[in-house]
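# Close look at the chain arrangement
Here is what each chain is made of, one letter per residue.
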Amino acid sequence: MAVADPPVPELTARANACADRLRAADRVLLASHIDADGLTSGAIASTALERAGIDHEVVFEKQLDAESIAGIAAREFDVVLFTDFGSGQLDSIAEHEDRGDFVPVIADHHQPGDRDTEFHLNPLLEGINGASELSGAGASYVLARALEGPDGDNRDLAALAVVGAVGDMQDSDGGLVGANEAIVADGVDAGVIEAQTDLDLYGRQTRPLPKLLEYASDVKIPGVSNDEAGAIAFLTDLDVDVKRDGEWRRWVDLDGEERQILASGLMRRAVASGVPADRIEALVGTSYTLVDEEPGTELRDVSEFSTLLNATARYERADVGLAVCLGDRGDALAEARRLLRNHRKNLSEGLQWVKNEGVTEEENLQWFDAGSRIRETIVGIVAGMALGSPALDRSKPVIAFAEESAEELKVSSRGSHALVRQGLDLSAVMREASQAVGGDGGGHDVAAGATIADRERDAFVAEADRLVGEQLS
Ligand code: C5P
Ligand code: C5P
Ligand code: C5P
Ligand code: ZN
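Quick caveat, the model's predicted, so the values are computed rather than measured.

To continue, consider the site of ligand 3. Lining the immediate surroundings of ligand 3 are 15 residues, of which H110, K410, S412, R414 and G442 lie closest. In the model, an oxygen atom of ligand 3 is placed 3.2 Å from a nitrogen or oxygen of the G442 main chain. For ligand 3, whose accessible area on its own is 460 Å², the fraction buried by protein is 87%. Counting residues per element, the ones that place at least two in the shell around ligand 3 are β13 (408-414), β14 (440-443) and β15 (447-453). Class assignment of the residues belonging to the shell around ligand 3 gives a composition of three nonpolar, nine polar and three charged. Shared between two domains, the shell around ligand 3 takes at least three residues from each, and those domains are domain 1 (9-186) and domain 3 (358-472).

Turning to the site of ligand 2, a few remarks are in order. Every residue close to ligand 2 is listed here: Y202, R207, S306, T307, N310, H343, R344, L347, I381 and M385. At a separation of 3.4 Å, an oxygen atom of ligand 2 approaches a polar side-chain atom of N310. Taking R344, its side chain carries an N or O atom lying 3.0 Å from a nitrogen atom of ligand 2. Burial of ligand 2 by the protein amounts to 87% of the accessible area it has alone, namely 440 Å². Listed by contribution, the elements that provide at least two residues to the shell around ligand 2 are α12 (302-313), α14 (331-357) and α15 (379-388). A per-class count over the shell around ligand 2 returns four nonpolar, four polar and two charged.

The subject of this paragraph is the UniProt feature "domain: DDH" (unreviewed entry) in the protein. Sites flagged by UniProt as "domain: DDH" (unreviewed entry) map to residues 28-162. End C-alpha to end C-alpha, residues 28-162 measures 25 Å, and it is 36% helix and 19% strand.

With that out of the way, let us pick up the pattern of salt bridges. Within this structure, the stated rule accounts for 29 salt bridges. A salt bridge links E95 to R99; its shortest N-O distance comes to 3.8 Å. Salt-bridge contacts for E298 lead to R337; the nearest nitrogen and oxygen are separated by 2.9 Å. Remark: R337 occurs in helix α14 and E298 occurs in the loop between β9 (284-290) and α12; sequence separation between them is 39 residues. A relative accessible area of 11% means that E298 is categorised as buried. Look at R337 and you get partly exposed, because its relative accessible area is 28%. Counted as one network, the salt bridges with shared partners bring together R317, D319, E335 and R338.

Here we take up the coordination of the zinc ion (ligand 4). Distances from the zinc ion (ligand 4) to its protein donors, D37 (OD), D84 (OD), H109 (NE2) and D168 (OD), fall at 2.1 to 2.3 Å. In primary-sequence terms, the residues that donate to the zinc ion (ligand 4) follow D-x46-D-x24-H-x58-D. Highlighted residues: D37 in helix α2 (residues 36-51) and H109 in the loop between β4 (103-107) and β5 (119-121), separated in sequence by 72 residues. Assessed through its relative accessible area of 0%, D37 is described here as buried. Accessibility expressed as a relative area gives 0% for H109, which makes it buried.

This brings us to the packing of aromatic side chains. This model, assessed by the stated rule, comprises five aromatic pairs. Here the aromatic rings of F82 and F102 are separated by 6.0 Å at their centres, their planes lie at 55°, and the arrangement is tilted. Highlighted residues: F82 in strand β3 (residues 79-83) and F102 in the loop between α4 (90-98) and β4, separated in sequence by 20 residues. For F82, a relative accessible area of 0% corresponds to the buried category. On the basis of relative accessible area, F102 is assigned to the buried category, the value being 3%. Among the aromatic residues, those joined into a cluster by ring pairs are F82, F85 and F102.

Counting residues in hydrophobic clusters, the biggest one holds 69 residues, and the most contacted among them are L22, L81, L143 and V162. With eight residues, helix α6 (residues 158-167) is the largest single contributor of residues to this core. When residues are assigned to domains, this core turns out to be shared by domain 1 (9-186) and domain 2 (206-344), each giving three or more. Those residues in contact with L22 that lie beyond four places of it in its chain are V28, L49, I54, V79, L81, V105, L143 and L147.

This paragraph deals with the sheet that holds β5. The pairing of strands in a sheet comes from backbone hydrogen bonds and takes either a parallel or an antiparallel form. The strand order across the open sheet built from five strands is β2-β1-β3-β4-β5, with neighbouring strands paired in parallel fashion. The two strands at the open ends of the sheet, each matched to only one other strand, are β2 (56-61) and β5. Neighbour to neighbour, the strand axes of the sheet diverge by 20° on average, direction disregarded. In this structure, β3 lies alongside β4, joined through five bridges in parallel fashion. The partner of F82 across the bridge, within β4, is I106.

The rules behind the values
Residues numbered from 1 in each chain as written. Chains lettered and ligands numbered in written order. Predicted model: local features only at pLDDT ≥ 70, side-chain atom pairs only at ≥ 80, totals over all residues. Heavy atoms only, no water. Near = heavy atom within 4 Å. Polar contact = N/O pair within 3.5 Å; in protein donor to acceptor, adjacent residues only side chain to side chain. Areas by Shrake-Rupley, 256 points an atom, 1.4 Å probe, with all protein chains shown as cover. Helix = DSSP H or I, 4+ residues; strand = E, 2+ residues; numbered from the N terminus. Nonpolar A, V, L, I, M, F, W, Y, C, P; charged D, E, K, R; others polar. Domains from an automatic or database assignment. UniProt positions renumbered as here; feature names shortened; annotations may be inferred. Salt bridge = Lys/Arg side-chain N within 4 Å of Asp/Glu carboxyl O. Buried < 20%, exposed > 50% of the residue type's maximum accessible area, 1.4 Å probe, protein only. Donors = N, O, S within 2.8 Å, 3.2 Å for Na, K, Ca; no water. Phe/Tyr/Trp six-rings, centres within 6.5 Å; stacked < 30°, edge-to-face > 60°. Core = buried A, V, L, I, M, F, W, Y, C linked by side-chain atoms within 4.5 Å. Contact = heavy atoms within 4.5 Å. Pairing = 2+ DSSP bridges. Axes fitted to C-alpha atoms, helices over the stretch in contact; angles between N-to-C directions.

Take a look at the structure:
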């Protein structure tokens, strides 16, 4: 039997029911979402099914809607396992279930719709926050633990679960909390993860030091952030060998003492330039390292790993991301790195475009329409990065539009934890405002999305503005 206690006791009964149903299936179709959390969810579930000897196939979908669910139903599998989506689309799924097309098993963390189903593993059904305490990969991990056989445990999969949680930005308050923390503990026990307090900048493994500081956008330090010459001058003034053999070193190349000198120099600079205390605190957070991965690679740091995965799946190459998750360190990793360069370029051009064009202010929100300038699969990431930058007003949520097809617009919205504490629920806003104009949407309180007809954009903005106003009043 399992060697360790289940990671999230509140979900054990649901996980066991799902696991039993999967074991009883002839063949399972595993369907997952095309982002970092969805890929890691798929990889975790697929590995667990394989270890349990359950025959299955894996497919990825950009969005689960009536059409893609019908496509899944047409595949004639008796059981379909949905990971990182499904809860928000239970109405459509249940129609197929009622017709006997397939039995759904769901491991998700999105806001459930009105209908329910028998095999449904979702933290929100047990009072656990699905935006900050457990991701799709986390729910899949809980399921994987329930699928364990007598020959070994699945705690090694905690590494991918943490990549998924961080990919969904569940660590945005400086580290993982709640059920996610229990998964980290499993990974630490299993010897696959190391958690430590560290400088909280993106790119600790792969970015040369000047780029690490220059591109750090979450906490803006005057004269260093967005300032190449300033970042270089800051580094050269430190009592640390910031170069070796003429090459800039990376954070991962520094020893403990050197890191300490750099971090405290950065804090002193921030204090001296009047950065507020709570922003300075945000310079430090918990970093999660995958100890089996090679130092200095994207895979070693969960945050960089998740970006690498987004760079594949959001560009119709989920197969590449899945292969990397399943351990391919040859061709798939090389291809993922190529895609990553393209993704980075698109993110930075997209962010620059938003900064140049600016946003339109409504009473309770701000919005921009990128048309075809930003790919609809990454417009949400750009919106989140824009909201984190000084270019946008943090006290209002942002709504972003991008062309999805000739007549359809993709909508992405992002808020902050502070706004959520004041009552903001973007999942409800996206669902209600899109349904009011004949579209559909959903997601999480802090980040949600929708698809609408392009001619309905202004009516949608007006309705969303009204709903946000109601929530925050
Ligand atoms: O499909 P879904 O769950 O994967 O996506 C979650 C999205 O919410 C991610 O794109 C993530 O960046 C965003 N998010 C955010 N801020 C948070 C939590 C999630 O922007 N605090
Ligand atoms: O791409 P992903 O959703 O994983 O990005 C998560 C966060 O990582 C972004 O919001 C951004 O702050 C940071 N990031 C970055 N530079 C990149 C990619 C991501 O700073 N090239
Ligand atoms: O696409 P984007 O990153 O903006 O999505 C934010 C969140 O909203 C994700 O969790 C996504 O799954 C969800 N979403 C949804 N229905 C849509 C679009 C997005 O539930 N039509
Ligand atoms: Zn997710």
